[in-house]
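# Tertiary structure, described
What follows is each chain in one-letter form.
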Amino acid sequence: MAENLKFDSGDISLAVQGDPSRILTFNPKDFNLSKKFFELVQSAEEKSKEFARRAKEADESEDVSAKFELLSDMDKFFRKEFDKLFGAGSADMIFGSANVISQGKNGDFLLTNFLMALYPYFEKESKAKVQKIIADHKPGKKKKNR
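Residue indices begin from 1 for each chain and proceed along its sequence in written order. It should be noted that, the model being predicted, local features are given only for residues of pLDDT at least 70 and side-chain atom pairs only at 80 or more, the latter also being counted only at that level, while totals for whole chains, interfaces and linings use all residues. Working from all heavy atoms in the structure, the side-chain values ignore hydrogens and water.

## Remarks on the pattern of salt bridges
Only one rule defines a salt bridge in this text: a Lys or Arg side-chain nitrogen within 4 Å of an Asp or Glu carboxyl oxygen. Per the stated rule, a full pass over the model turns up 9 salt bridges. Lysine 67 is paired through a salt bridge with aspartate 59; the nearest N and O atoms lie 3.5 Å apart. We call a residue buried when its accessible area falls under 20% of the maximum for its residue type, exposed when it is over 50%, and partly exposed in between, using a 1.4 Å probe and counting protein chains only. Exposure remark for lysine 67: the relative accessible area of 33% places this residue in the partly exposed category. We classify aspartate 59 as partly exposed; its relative accessible area is 48%.

## Quick word on helix H1 (residues 31-61)
In an α-helix there are 3.6 residues to a turn, and that puts residues three or four apart on one side. A run of H or I in DSSP counts as a helix once it spans at least four residues, and a run of E counts as a strand once it spans at least two, with each numbered from the N terminus. Here the expected length of a helix is defined as 1.5 Å per residue gap, with one fewer gap than residues. Relative to the 45 Å expected for 31 residues at 1.5 Å per residue, H1 spans 45 Å between its end C-alpha atoms, a close match to the ideal helical length. The angle between axes fitted to the seven residues ending at a residue and the seven residues starting there is what we call the bend at that residue. At lysine 47, H1 shows its strongest bend, of approximately 25°. Burial in H1 covers these residues: Leu33, Leu40, Ser43, Ala44, Phe51, Arg54 and Ala58. Taking the backbone nitrogen of asparagine 32 as reference, a side-chain oxygen 2.8 Å away marks aspartate 30 as the first, capping residue of H1. With its phi angle positive at about 55°, glutamate 62 sits one or two positions after the end of H1. The definition of a polar contact used here is a pair of N or O atoms within 3.5 Å, where within protein one atom must be able to donate a hydrogen and the other to accept one, and adjacent residues in sequence count solely through side-chain atom pairs.

Right under this line is the structure:
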């Protein structure tokens, strides 16, 4: 039987909506996660132009089926991007069958609400890094010779 090898991976695990069967695990200090997040932002900006054009066309034609198709395509796009960020199946685990651009009680998209709920975890890590950099570079601090 193999022994367990445990090490500090920096991962945190969060029970989505308090449900212990819906656990999201990630490392807010992982540079690959940051890279994927910025790639999501870039691809979302590019894709939003197409979505805006299609929304305008659907509004002008008053074609209800085109509007539903657009909403479905938006959900598919963001789920795919979300799974690239947090791993395959993450969007389904987090959002279930709800369209990720459905609105929450506050009027914001579900995806936006989720990302804003995650923000404090990333902010905490980035503040700690900034504070360390500032402390390490304060005037008068003696640098170690190497």
